[in-house]
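Listed here are the chains, written in short residue letters.
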Amino acid sequence: MSAPMDEAAMLAAQLLARRWLPRTHPLVRKALIDRELWESLGQRLAAVGMKVVDNVHADHIATALLRPAERAVFGEQGLSANNNLDLPRDGVALLVVLWSLIVLPKRQRQVARSDALHAGQGEMFASDKPLPPAASVSPLVSYRSLLADFGDQLGKKLRMDTNLRLLERHGFITRKGEDIAEGPLLDLLIDYDQLAARVLDGSLADVLARAGHPVARPAEPVDPEEQQQAQDA
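Reading the values: rules and limits
Residues numbered from 1 in each chain as written. Predicted model: local features only at pLDDT ≥ 70, side-chain atom pairs only at ≥ 80, totals over all residues. Heavy atoms only, no water. Pairing = 2+ DSSP bridges. Helix = DSSP H or I, 4+ residues; strand = E, 2+ residues; numbered from the N terminus. Axes fitted to C-alpha atoms, helices over the stretch in contact; angles between N-to-C directions. Contact = heavy atoms within 4.5 Å. Buried < 20%, exposed > 50% of the residue type's maximum accessible area, 1.4 Å probe, protein only.

Any details on the sheet that holds strand β2 (residues 50–53)? Residues and values, ideally.
The three strands lie next to each other as β1-β3-β2, forming an open sheet whose pairing is antiparallel. Either end of the sheet is taken by a strand with one partner, and the two such strands are β1 (20–22) and β2. Within the sheet, the average angular offset between the axes of one strand and its neighbour, ignoring direction, is 20°. Strand contacts of helix α1 (residues 7–18): β1, β2 and β3 (60–65), with the helix running at about 115° to β1, the strand carrying the most contacts.

Right, dumping it as structure tokens:
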């Protein structure tokens, strides 16, 4: 008879089987506040070349390959590819456009609502600013608008529909009727710090603005002491 699994093993097994889990999952919630369980989870996944990916701005956690394991899995050719999911180039372009239209505005709203929520609180709570859930602030992208604004650049309707199905299958987006919403992995497997600067400071920002979708940088969190000093001055 096999030995019973501990919580770290059960959580690791579920993540490996399902690829992602919501932060509201009972074991995930416990792991996020239990350092010992979180470290044990990381050790279990590391034993098979994986790691847990978490982002306070996302509503899920997921798994990804550790860097040393990427070479063993994908080889040299896979490491030099523009992605490891066999997405075509226009699929990658569509992913970046959707990330820009969903994640960048969502990040603005999360920071703004968090600051507004705590603006009137005392010093006791000044450093404790939980972000609003991603689902409550993540914008929806109209499929018809996306097709009208970017269809010519992204392969027209047939190619866009094909790539949207691929992105949905991989967990980057979900479909809600005619609208496109954030999927579990959109804000987890794409590095915000790297891509945001490239989008906001690059030509894509101009393309989005011309199409009627201007993007802006999220406001930096305000330090309570600096804010008080400015008010005193």
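The rest of the description comes next.
Mind laying out the sheet that holds strand β5 (residues 173–176), listing which residues take part and the relevant values?
With respect to topology, three strands assemble into an open sheet ordered β4-β6-β5, the strand pairing being antiparallel. Of all strands in the sheet, those bounded by a partner on one side alone are β4 (141–142) and β5. For β4 and strand β6 (residues 179–182), the ladder comprises two bridges, and the chain directions are antiparallel. Each bridged residue has a counterpart across the sheet, and for V141 the counterpart in β6 is I180. The sheet contacts of helix α8 (residues 156–169) involve β5 and β6, and relative to β5 the element is tilted by about 115°.

Residue-level account of the side chain of H170, with values.
Here H170 is to be found in the loop between α8 and β5. Discounting residues that sit within four places of it in the chain, H170 has contacts with R19, W20, L85, L87 and L185.

Would you mind going over unusual backbone geometry in detail, with residue names and values included?
Here the phi dihedral of R19 falls at roughly 80°; this positive angle occurs in a residue that is not glycine. R19 gets classed as partly exposed once you look at its relative accessible area, which sits at 34%. Its identity is not glycine, yet K156 carries a phi of approximately 65°, on the positive side. With respect to the helices and strands, the residue K156 is situated in helix α8.

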